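Chain by chain, the residues:
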Amino acid sequence: MSRNPQKQPFPESFLPLPPPTFHILLALADGELHGYAIMKGVTARSEGTVRLGPGTLYGALKRLLEDGLVEEAGERADPKQSNERRRYYRLTSLGRSVARAEAERLDALVRAARRKKLLGVRPA
Amino acid sequence: MNAERIYRMLLRAYPPAFRAEYGREMVLVFRDQCRDSDVRTLGFWMRVFWDIVRSAPTLRTEATRTVEVTMKLAAILTVLLAALGIFGAVNDWSAASQHAGRYVLAIVMGGAASLLLLGAGVAILLQKRQAARLTLVASLLCFIATRLVFPWMGLFLQLVGSVLPVGLLIALYWSRKSSTLGAASIALVVLSSLGLAVPQLCRAQALPLGRWTGWAGPMDRPSAYPITLDVTRASDSLQIMLHPADGDDYRLDAIRLRDDTLGFTLHLARALPPGDVPGGAHGASCTLLRQRAGYYTGLCTGPDGMRSDLSMVPPGSTHAADTVTVKDLPLTAAQRESLIGSYSVILPMGGQDVLRVFKENGILKAHSSHENRTGRLLYQGDGAFRPEGSDFVITFVIEAGRATSFQGLREDGVIKGTRTQ
């Protein structure tokens, strides 16, 4: 069921985010990007552990657009790639809030793992 | 064929609307990937295929909007079934308006439950979920009350009245999470309703419609009074009128047809003047068993405890033999022994006979004193035997490994035998 864009839903209602979705939001946190730039950003940030194919990327972008977390930012050519016009995407304020809420959720988990000495302690 | 062309072909795995919206962008991304990677490696194409296999089915499922479509279909089905229920209630009301009591109360409450179900179906179609939930709960409560008042309700009505609202309620609450489980639950409810209802309807249709013939009478003269019966169908219920050769007509109420057992209650068809006490078979409760030949025979017990025989022969079958194929199935020694003995027989017109069943050279035979005739008993299976040369079958009742009685339907009426020794 698609969420009603007229009513601003709580960011927490979108959590937890699937990892590819969170990676896309993280990539767009720096500014407007086109599809291939998002893919490269995700691969670089995850040090190659997360690789988005075109189908996974645009499937996730479609859902993010429907949920109002991402919006289109027009079409223009990317001089680094080719002269083809590409569609750019950017975060909405809701998308930024959701990304922040997910980051806080993960941060809380990491802190809990530290308290349990599961992180930051090298095995003997 | 270059890599981009192959990828364009692979894009057909995605739904058309998705391709139209994002196909060009995906090809651009693929072109960028080709530029930055070696397209001749197996790893590259493995990643391409894996991406399609992982994303295309999900997008196709989303494109079909399974939940919404199934909910809409379920709502339409609910409206149709509820309209059928209202029609049936109106029909029953017009047939039973002369009889007060809990039967009429059940019709009123059943009609109300159908009306509420109709409202729920309309509310789902209009996407008024809260209204749909409330009307479904009200319909369910109304139905439960109806079922308590009228316990002889058919299985199909019970499914429509109980399982359908429960299934819809589950789906309405589940679909908040946009889960396909909600749609699956509706589909399961609809399929199970149909799966259970269809055999029920088929079985109901096994009672042929039209003009039946038969006999009624006290137990010592079971075929004293010839009768005719009109079997019709209105909505999803059977309607049967019994016409004796002389006297008042009777309506068969609370008809229950399960497997081979037909049960009903007899009520005078005409309205009685105030203060007039109904007599005859009014109020008698009957249970008839379907015989292999297709006819029904059994007992009616009146409110005063008086018992009488009743037989019903379907249209197109002048006598039992019409629908029976003559068999000569083998019998075990124990089966033969269980039948051997003497039976006191009451003939259709009230006459009496003695049937002696015996074994001769390993063959089961019967001797009729009345006809002074001996012949083989040909086994037809399930305790039914055909006297050799006859056009009817008799069915023995076996108790504790021994035949205690038998019954059969001849062209001229019912014959009954009781073991004497």
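This is a predicted model, so every value here is computed, not measured.

Asker: Please set out the interface of chain B and chain A residue by residue, giving values where relevant.
Answerer: Contacts between the two partners involve 26 residues from chain B, matched on the other side by 23 residues from chain A. Surface buried jointly by chain B and chain A totals about 2,200 Å² across both partners, of which 48% is contributed by carbon and sulfur atoms. Of all residues in chain B, B:Tyr22, B:Glu25 and B:Val29 bury the most surface against chain A, accounting for 25% of the area lost on that side. Counting every contact that joins chain B to chain A gives three salt bridges. At the level of elements, helix 2 (16-36) and helix 3 (42-64) of chain B are the ones that each hand at least two residues to the side of chain B that touches chain A. With 13 residues, the single largest contributor to the side of chain B that touches chain A is helix 2 of chain B.

Asker: Explain the packing of aromatic side chains to me, and be specific about the residues and the numbers.
Answerer: Each aromatic ring pair is characterised by the separation of its centres together with the angle its planes make. Residues and elements named next belong to chain B. Tallied over the entire structure, the rule returns 13 aromatic pairs over all chains. Relative to Phe-18, the ring of Tyr-14 lies with its centre 5.5 Å away and its plane at 35°, an arrangement referred to as tilted. Like Phe-18, Tyr-14 is buried. Summarising the aromatic geometry, the rings of Phe-18 and Tyr-22 are spaced 5.1 Å apart at their centres and angled 45° between planes, so their arrangement reads as tilted. You can see Phe-18 and its partner Tyr-22 sitting in helix 2, four residues apart, about one turn around the helix.

Asker: Tell me about the packing of helix 3 (residues 54-67) of chain A against helix 2 of chain B, and please be specific about residues and values.
Answerer: Orientation of helix 3 of chain A relative to helix 2 of chain B, taken along the N-to-C sense of each, is 140°, at an axis distance of 9 Å. The orientation of helix 3 of chain A relative to helix 2 of chain B falls into the category oblique. Here helix 3 of chain A runs over helix 2 of chain B; the crossing is right-handed. Contacts from A:Pro54, A:Gly55, A:Tyr58, A:Gly59, A:Lys62 and A:Leu65 of helix 3 of chain A reach helix 2 of chain B at B:Phe18, B:Tyr22, B:Glu25, B:Met26, B:Val29 and B:Gln33. Of the residues in the contact of helix 3 of chain A with helix 2 of chain B, the class split is seven nonpolar, three polar and two charged.

So, how was this worked out
- Residues numbered from 1 in each chain as written.
- Chains lettered and ligands numbered in written order.
- Predicted model: local features only at pLDDT ≥ 70, side-chain atom pairs only at ≥ 80, totals over all residues.
- Heavy atoms only, no water.
- Contact = heavy atoms within 4.5 Å.
- Buried area = accessible area lost by both parts, 1.4 Å probe.
- Salt bridge = Lys/Arg side-chain N within 4 Å of Asp/Glu carboxyl O.
- Helix = DSSP H or I, 4+ residues; strand = E, 2+ residues; numbered from the N terminus.
- Phe/Tyr/Trp six-rings, centres within 6.5 Å; stacked < 30°, edge-to-face > 60°.
- Buried < 20%, exposed > 50% of the residue type's maximum accessible area, 1.4 Å probe, protein only.
- Axes fitted to C-alpha atoms, helices over the stretch in contact; angles between N-to-C directions.
- Parallel < 35°, antiparallel > 145°, perpendicular 65-115°, else oblique.
- Left-handed = near helix turned anticlockwise from the far one by under 90°.
- Nonpolar A, V, L, I, M, F, W, Y, C, P; charged D, E, K, R; others polar.

That's the geometry; what it means functionally is another story.
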